[in-house]
Structures are given as C-alpha cells and as structure tokens.
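Survey of secondary and tertiary structure
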Protein chains: 2
Amino acid sequence: MQRLSISQPDFAKAFRRIVNSRRESDEGVADQVKTILSKVRASGDETLVELTARFDQHNLSSDADWSISKAECEAAFHALEPSLRQALELAADRIRTYHEAQLPTDRDYTDDAGVRLGARWLPVDAAGLYVPGGRAAYPSSLLMNAIPAKVAGVARLAVVTPTPRGQINPLVLAAAHLAGVDEIWRVGGAQAVGALAYGTERISRVDVITGPGNAWVAEAKRQLYGVVGIDMVAGPSEILVIADGQNNPDWIAADLLSQAEHDPVAQSILITDDANFASQVEDRIDVQCAMLSTQKTAKASWDNHGVVIVVDDLDQSIALANDLAAEHVELAVADPAPLFEGIRHAGSVFIGRFAPEAVGDYVAGPNHVLPTGRRARFASGLSVLDFMKRSSFIELDEAALNAIGPAAIALAEAEGLPAHAQSIEKRLK
Amino acid sequence: MQRLSISQPDFAKAFRRIVNSRRESDEGVADQVKTILSKVRASGDETLVELTARFDQHNLSSDADWSISKAECEAAFHALEPSLRQALELAADRIRTYHEAQLPTDRDYTDDAGVRLGARWLPVDAAGLYVPGGRAAYPSSLLMNAIPAKVAGVARLAVVTPTPRGQINPLVLAAAHLAGVDEIWRVGGAQAVGALAYGTERISRVDVITGPGNAWVAEAKRQLYGVVGIDMVAGPSEILVIADGQNNPDWIAADLLSQAEHDPVAQSILITDDANFASQVEDRIDVQCAMLSTQKTAKASWDNHGVVIVVDDLDQSIALANDLAAEHVELAVADPAPLFEGIRHAGSVFIGRFAPEAVGDYVAGPNHVLPTGRRARFASGLSVLDFMKRSSFIELDEAALNAIGPAAIALAEAEGLPAHAQSIEKRLK
C-alpha cells in the first residue's frame, strides 16, 4: 500500500505514476491468442475438442459434453435455496427495469426541404456471452450481460463457459434460466471467443460478444473487434473511495477490500482529508483482511496496488478523481452533491454513506460491467445499446432532390468525384 | 464484374463467396504499425519529425510547419467561391440539425425501494480527427466527423492531416473553420494516430479518435482501441442497389459508379428482378465509366468487385441484403416500404428513385461514416454518442439499503466474496 499526501513535494509525480501504472498484462498473450484464433477459424470443432481437453481436462464428445440443456438450467433454478432464488429474482427484476428504460426511440420525420430522415434501432441477430469458470463464475455477471441483450430483443443468446474437469456451477445455470439464455456451450478461453466470432460446425457465429474473462479472453475479444462487436476492452477492477473523517472506518475498509478481493491486480484507492481517519481505515483493513476467506487475493491487491491519498480539502479530490477515471467512485461525505457535480469521468458513482459499491454489483439495477483502466474517460458501462445497432435512412422525392441536390453536386465536383455528381445531376434533368 | 442469377444451381455457393470475400488488407501492415506506435510512444515529436520527412516529404521545424492556425482556416473559408461556400454551409447546417437530435437525455429518479438511480451523459474532454491527405482529402468527411463532436460538447477537437510536400487542401481548412476545429496538426499515417492516443511534447493526447484513413491508419486505430475510444474498424466502401426494371438504367449506373470511384476495392452490387434491365445498366456503366476522370479507380472496382444479381422476385432481395449487411442500400423500386421493413442490417438506407446515395454523402444530414464489411450486423454509423460517455449513479439511504441490501449479501456469499457481503452487512447493523 502506498500513502501519499497532496502537500508532499513530489506528490504530482507520485500521483502521475499511479495514474499511468499498468495493471493489465495482455502483451505476452497476444501471440498465443492469435495462434488459437486462427486454429479455431481453420478447424472449428476439432480445435475446440483439442484445447478443451488440454486446458479444461474436459472431453467434448457426446452432446451433453458439448452443451448444457435448458432443462438442466431450469432444474438448477428450482433447486436453489429459496432465499437465494429470491435474491437472484430481485436482482434480475431490478436489472431488467433499469435497462428497459435504455431502449432507444426511432426517428422518422420529414424536414422543411421535403427530405424524409430517420434512424431505426434494431437488435443484433445473435449475441455471445463469455462466463468464466472457476473462481470468477459469477451468476451476477451472467445476469448483467444477458438481461440487457434480452431487453434489446436479441433472438439468440449463446453462453460459452469452461467446465474444468466437467465441473458446472449450478448458480450460473440458475441465472441462465432466469435470464432466458438460449444455448450454453462448455468451452472457454480464447478458443471459445473464436468459436463465437467465426462459428464452428456446432456453434453458430454471433454478432456481438460480451462478458468478462481472463487475459486470454480479453485479448481474444480485442483481436476480434471488428469481426464482431464487443462490449469493451476490460482490465482489472478498481474503486476510488472519497471519504471525509466522519465515516465509520470499518465500513470504508470493507469497501476497499470488496474491490481488492476480486483480483490480485485490482486497485483500491482512498482519498480523504483526514490523516487520522486514513490510519484508522488502514488498521481496519489489516484486521478485516486477516479474517477473509479471500484474504490472499485481497492482501496481494491492497499491498501492491492500494493507495491512500490525504488531501487538504475534499474539493481537491475532484481533479484527482477525473485523472484516475475510476471504474467505481464512492462519495462517502456529508454533502456529496458538489463532488458528484465535479466528477466527469467515472464508470459508476455511489453517492452517500449508505451506498457501498457491492450493492451495485448485485441488486441496484445499473450494469456492473463498467470501463476500467481510465477508460471511463471515453467509455460507458454495458447497456442495451451494445446489443443494438442503428440504421439511418433518407427518402427524397424529385422536389426534395431539387432543393438540396445542387449543393451536393457542387461539393462532389470540388472533391473530384464526378460519378457522385452525375448520380444526382441525371435525376435533376 | 460478376453476374449471378438466383435460379442458377450454384447460386448459394457463389453468393456465399461474395459475402465472405475480404477486401480489407490489414494483415501485412500490423507489424509495421506496431513498430511505428511504439516509436511514437517512446519519443513522440522526434518520431513525428522523422516519419513525416520520410513519408510526406514535409519538414516539421517551425510552428507553421507543425500546425495550421485558425486564422488560416478562416481565410480559406472566406476565399471560397460563393456557391461552394453556400454548399458547405448548407451541408454543415443540415448535418448539425440531424445530429443535435441525437443528444441523449440524462436519467435521475428514485424508485419504490427508495433507491436513487440514474445515468449522466458527458462529452469526452478531447477528440482527435484523422483527415486523409491527397486523393481522399474530403471536406465533407471533416464535417461529418467534426460536427457530431462539437454537438456532443467536446471542448478540444484536434485534427491531424498529412500535408505531402507541404501541400494543404484549402477546402479542408474551410470546412475546419466552419465546423469549429480547435487544432490542425500537419502529420499523418499511423504515427499521427499514435500521437493523438499517447500524446507528444507538442500534441496533447485525446480520448477518442475518429476519421477515415488508409490501411495503416485503420490498423493504428484498431491497435489503439482501448487506449482511446475509436469510431469503428473501417474498410472499403460498398453499395447495394435494389432496383426494379422501371428505373432509368443511366441513373442506376451512375449510383453504382459513385461507389466504385471511391476506391479500387470498393464494391457495388445491383440486385434486380429484370435481366434485361441489368444488361442495360451494365452497358451504361461501360459508357459512363469511360468518361469519368476517376475511371481508372471506378473500372478497377467494378471489374474486380462489381456484382449483378438477377432474382425472380424482389422479395428475395431482403434475405440477400441482410446477409450482405451493406454500408449503403438503395431501394429504387415502385413500393419501397415492404423492402425497407424487411432490411434489418444496413448502414444507411436510401428510399425511392430520387435518393441517390451521393446525396447522403454530403447534404442529407445523417452521418456518412457508416459500418462497412458486413459490420452493419452489429455496428452503427458515427453519432454524437461516439463522443460522449455515460456514468451511472446510485444513491441509497439507510432505509433503501435495508430494503435491497440483504439480497446483495446473499448473492455475494453465494459467489464467495465475503468483503462484498460485509461492506453491506456492517451498514445494516
């Protein structure tokens, strides 16, 4: 953990180093991913069989080895302990309600020149969703990716997920049932992403691929961007907590650890105007961390990437927050409105002392798939729009073409494109 | 040019070959671009000086070598021939009006559980716009990229454009003045894209890079996707004209050539239900092409990539169009409504006999930066949203956390994330 004070002489430099530090390690995997993707493209199912045996110790042979049926998902859902089923249902309902309001409206109007103009939104035909196996097999993540796709109106939603040694997470199946997933394929890694993008004998290709994954999965999505649509280039999670000294340090410590327990390269940052409070939080982190089942991960993250910054005045946190452009920003202060107003770059903002980030991971409603690694400067969280596309349209009659056509001819001629000019000119005669 | 009939026995196979044909050639340039980008990252301005001298025969030394002032743009605008200036103004006005209606609305509400939820849209701080030099230096392209950025509210809009042997296109400068561009840097190629993404001593980094370019520019944007936002992976242009036999073949020939004259690897496709009409169009193409100043490009495109498909019934064109997912689709038929209804995948649709695609390139209003290479299956044309990003926000008081917190705790525990659970639990006590 690194502690900085805004009044220390080398603060600007030290802060810059934090802003620019890279916690993503995709360099080494790029070539491996490239090789895997071309193998999948050349010999689809054969490559999946080979790599799934090698990486997941799972043999793809019978239909049941290849995929999980809707009946199995439904059974997993009904086998859930009731309180857990209700929690999952509450989460799904709240996520669905929030995302339904994101559905865009079409435009269709005729302007003064007599030109009919518009834009029409339609869902993609098919979406693929990566669901990690093992440690990061999160039903919440399935809901957060699948529900926006279904709200968008995507007819076919295919999940790929590795089942190491055949092992399947029933919670993920239950979530798949609840979200209305259409197919689940038992493949993972870059090869699964390649199968979704190119299609194989068994798995039909999709148009958009979303969902979290390890460095290989993230790099496969990056390399396939353009062949398919993807949600975003994702890196390790991060949280920035801006807190005054009036908070319970135990609460803030838990918030910082909730991010740290995700990943050894996750990053938790506290900005406070109270050095004494900062020390109390640090102490509580040590105490709490020692009791966590996730302590190994949380400790590695906090020790290596944790940052505590003491400022003179919380107003100073605005510029720092905008530079960090963090995935999650908590405003645990008496009057959060002015800070919220100033923070331009953040994936999601959690306002007030009773808004721990974890509530947004599960049940608040907004998407928990958010831009990481300073990408909130230009990127947004996952939404219904990621599963839709817009076609513009233009309709003219002879009078409308007479009204605006001559200007287009002048510009086409100035650009040296005579066939452009003629396609209009011939109609004006 | 290739002519197919839907009733020929091998039609499905031949059509599939057209759908899957690749006209993009980024494979060879990937390594070169990678090298250029790391050089720019390591030694910014020095690399720009070196590569601009080598590729553009332009020496970057004085300030005037490096950039073009706003005063020069203004002077270029006022020096325009009046009819051309008016054409440019009409185009800018219509583009601005269409894009202003794309501005998204924020959300901010409190739901039944007492949870305040919302989404706030903000422009990115800075956008970079690539403007090609030489053959493809199009003022219309500058307007189509710059106006949405300015409508979005982007405070800093930096253009990069190569000026080979010092040569500057005054029309582009005039358009830059009209669109309110803030900076113009006289650099091009992958190195200019790298400079925008990483920043150099002279050029501050931006958050989003848009604009057309050659294979090196397109590949640089692809490689930098994630470091910055980009508009899309762009390939050569294409048009699909669906026409009945009642059209003037001369008009349709001009429409097909207007796409072909862009690029030797552009693609023009005609689908018609009238074989005789198809032959007439082919004849008119030969005649018109021979008279074009762009005939070399247009002929190469039409000869190598042009396609004419004769169907039995125009209803069959819908499935073909959706498979092709073309950048531009013209519906030159007596009753375009049912075809328009059926076409799900298209960058932009031009409806009726008096809507040649070229009118959309310049003055109709919708953006002419559109998805190519079948990407209309999942991507949309450039819009104001490409220069903005959305932050979600969540505010809870104690009662709201009591209402939805327990479900989040249940899910966090089920996912094996105890710090997540505790960050909520501690607040509920």
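All chains use their own residue numbering, which begins from 1 and follows the written sequence. Just so you know, chain letters begin at A and ligand numbers begin at 1, following the order they were written in. Confidence filtering applies because this is a predicted model: local features only for residues at pLDDT of at least 70, side-chain atom pairs given and counted only at 80 or more, and all residues used for totals across whole chains, interfaces and linings. The basis for every side-chain value is the complete set of non-hydrogen atoms in the structure, without hydrogens or water.

1. A short note on the pairing of strand S15 (residues 388-395) of chain A
Residues and elements named next belong to chain A. Just so we agree on the cut-off: Only protein chains enter the calculation, and the probe is 1.4 Å; a residue is then buried if its accessible area is under 20% of its type maximum, exposed if over 50%, and partly exposed in between. Secondary structure is summarised from DSSP: a helix means a run of H or I of at least four residues, a strand means a run of E of at least two, and numbering begins at the N terminus for each. Two strands are said to pair when DSSP picks up at least two bridges between them.
Of all the 8 residues making up S15, 7 are buried; the element is thus mostly covered by neighbouring parts of the structure. Pairing of strand S4 (residues 116-123) with S15 involves 8 bridges; the strand directions are antiparallel. Along S15, the bridge assignment pairs arginine 116 with glutamate 395.

2. Describing the sheet that holds strand S4 (residues 116-123) of chain B
Under the convention used in this document: Lines fitted to the C-alpha atoms define the axes, with helices restricted to the stretch that makes contact. Angles between their N-to-C directions range from 0 to 180 degrees.
Here we have 9 strands laid out as an open sheet, ordered S1(A)-S12(A)-S11(A)-S10(A)-S13(A)-S14(A)-S15(B)-S4(B)-S3(B), and mixed in their pairing. Every interior strand has two partners, whereas the edge strands, strand S1 (2-5) of chain A together with strand S3 (107-110) of chain B, have only one. On average, adjacent strands in this sheet sit at an angle of 15° to one another, irrespective of strand direction. Across 4 bridges, strand S11 (residues 267-272) of chain A lies against strand S12 (residues 307-310) of chain A in parallel orientation. In the strand pairing of S12(A), Ile269(A) is matched with Val307(A).

3. As for the UniProt feature "binding site: Zn(2+)" (unreviewed entry) in chain A
Counted only if it meets this: UniProt positions are given in the numbering used here, feature names are shortened, and annotations may be inferred rather than shown by experiment. Here a residue-residue contact requires only that any non-hydrogen atoms of the pair lie within 4.5 Å.
Those places that UniProt annotates as "binding site: Zn(2+)" (unreviewed entry) correspond, in this numbering, to Gln259(A), His262(A), Asp361(A) and His420(A). These annotated residues cover 162 residues of sequence, and their C-alpha atoms sit far apart, with the largest distance between any two at 55.7 Å. In this fold, Gln259(A) is placed in helix H11 (residues 249-260). Relative to the helices and strands, His420(A) resides in helix H18 (residues 418-428). Aside from chain neighbours lying at most four places away, what touches His420(A) is Ala412(A), Ser258(B), Glu261(B), His262(B), Ala358(B), Asp361(B) and Tyr362(B).

4. Some details on the pattern of salt bridges
All names here are of chain A. Applied cut-off: Here a salt bridge means any side-chain nitrogen of Lys or Arg lying within 4 Å of a carboxyl oxygen belonging to Asp or Glu.
Scanning all chains against the criterion turns up 46 salt bridges over all chains. Close ionic contact of aspartate 63 with arginine 202 constitutes a salt bridge, the shortest N to O distance being 3.0 Å. In this pair, aspartate 63 is assigned in helix H4 (residues 63-66) and arginine 202 in the loop between helix H9 (189-198) and strand S8 (208-210), connecting sequence segments 139 residues apart. We classify aspartate 63 as exposed; its relative accessible area is 55%. In this structure, arginine 116 engages glutamate 395 in a salt bridge whose closest nitrogen and oxygen atoms are separated by 2.7 Å. Linking arginine 116 in strand S4 with glutamate 395 in strand S15, this pair joins segments that are 279 residues apart in sequence. Exposure remark for arginine 116: the relative accessible area of 22% places this residue in the partly exposed category. Each member of the salt-bridge network shares a partner with another, and the members are Arg16, Asp323 and Arg374.

5. Brief notes about the pairing of strand S10 (residues 238-243) of chain A
Residues and elements named next belong to chain A. Filter applied, for reference: For a crossover, the right-handed case is the one in which the path from the first strand over the helix to the second runs clockwise, viewed with the strands pointing away from the viewer.
Counting buried residues along S10, 6 of its 6 residues qualify, which places the element largely inside the surrounding structure. Judged by which residues are buried, S10 turns out to be covered on both faces: Glu238, Leu240 and Ile242 on one side and Ile239, Val241 and Ala243 on the other are all buried. As paired elements, S10 and S11 share 6 bridges and run parallel to each other. Of the residues in S11, the one forming a bridge with glutamate 238 is glutamine 267. As for the winding sense of the linkage, the β-α-β connection from S10 through H11 to S11 is right-handed. Strand direction decides the pairing type here: S10 and strand S13 (residues 328-332), joined by 5 bridges, are parallel. Within S13, the position partnered with isoleucine 242 by the bridge is leucine 331.

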